[in-house]
Amino acid sequence: MCLTREESAALRAVLQNLNRSRTWAQIAREIGVCTNTVRHAGTGRSPGSAGLAVRVARLAGLGLDRILNPGPVSSTVCPACGRGP
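Reading the values: rules and limits
- Residues numbered from 1 in each chain as written.
- Predicted model: local features only at pLDDT ≥ 70, side-chain atom pairs only at ≥ 80, totals over all residues.
- Heavy atoms only, no water.
- Helix = DSSP H or I, 4+ residues; strand = E, 2+ residues; numbered from the N terminus.
- Expected span 1.5 Å × (residues − 1).
- Buried < 20%, exposed > 50% of the residue type's maximum accessible area, 1.4 Å probe, protein only.
- Arc of directions from axis to C-beta.
- Contact = heavy atoms within 4.5 Å.
- Salt bridge = Lys/Arg side-chain N within 4 Å of Asp/Glu carboxyl O.
- Core = buried A, V, L, I, M, F, W, Y, C linked by side-chain atoms within 4.5 Å.
- Lys, Arg positive; Asp, Glu negative; His and termini not counted.
- Polar contact = N/O pair within 3.5 Å; in protein donor to acceptor, adjacent residues only side chain to side chain.

Peer 1: I'm lost on helix 1 (residues 5-18) in this one. Help?
Peer 2: Over its 14 residues, helix 1 extends 20 Å from the first C-alpha to the last, a length consistent with the 20 Å expected when each residue adds 1.5 Å. Among the residues making up helix 1, those that are buried are E7, S8, A10, L11, V14, L15 and L18. Viewed along the axis of helix 1, the buried residues span an arc of 160 degrees, placing them on a single side of the element. Facing away from the buried side of helix 1, by more than 90 degrees, are the exposed residues R5 and E6. Lining the buried residues of helix 1 we find helix 2 (24-31), helix 3 (35-43), helix 4 (50-60) and helix 5 (64-68).

Peer 1: Help me out: how do you make sense of the side chain of S8 in this one?
Peer 2: In this fold, S8 is placed in helix 1. Residue S8 is classed as buried on the basis of its relative accessible area of 7%. Those residues within four positions of S8 in sequence are excluded, and the remaining contacts are L3 and P47.

Peer 1: Just to check I follow, could you spell out helix 3 for this structure?
Peer 2: Residue pairs spaced three or four apart in an α-helix point in one direction, given the helix's 3.6 residues per turn. Along helix 3, the positions that sit buried rather than exposed are V38, A41 and G42. Along helix 3, the residues classed as buried sweep out an arc of 100 degrees about the axis, all on the same side. Residues of helix 3 that are buried make contact with helix 1, helix 2 and helix 4. Backbone geometry just after helix 3 places G44 at a positive phi near 90 degrees.

Peer 1: Hey, could you run me through the pattern of salt bridges in this one?
Peer 2: Any two side chains of opposite charge can pair, on the condition that their charged atoms come close. If you walk through the whole model with that rule in mind, you get one salt bridge. R22 is the salt-bridge partner of E30, the closest N and O atoms lying 3.0 Å from each other. Residue classification places E30 among the partly exposed positions, given a relative accessible area of 45%.

Peer 1: Mind showing me how you'd approach the nonpolar core here?
Peer 2: Burial of nonpolar side chains together is a common tendency in soluble globular proteins. Core analysis: the largest hydrophobic core is formed by 17 residues, its most contacted members being L11, L15, I27, V38, V56 and I67. Dropping the residues within four chain positions of it, L11 is found in contact with L3, P47, G48, S49, L52, A53, V56 and I67.

Peer 1: Could you clarify how one ought to interpret the side chain of E7 in this entry?
Peer 2: Structurally, E7 can be placed in helix 1. Put simply, E7 is tucked away with no salt bridge, and the nearest opposite charge, on R5, sits 11 Å away. Within polar-contact distance, the side chain of E7 engages the backbone nitrogen of T4 at 3.0 Å.

Now the structure itself:
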């Protein structure tokens, strides 16, 4: 399944955030894909895929919907899991 432009941008943002503490190669190794797959999706060279988004969501500890449908989060809601107080 191809991602929309908005979904690709959201996936790219999560990958770039992960890349602050890990290299592209480390991210790729942790989710079981080729380094180029991660790097290309993370830099916008390719749109990524739904499968990649699922793997990245697991690694980031986020729900897939949080990655593919980003947006403002209430200050009373956990940004990682979406649970309220």
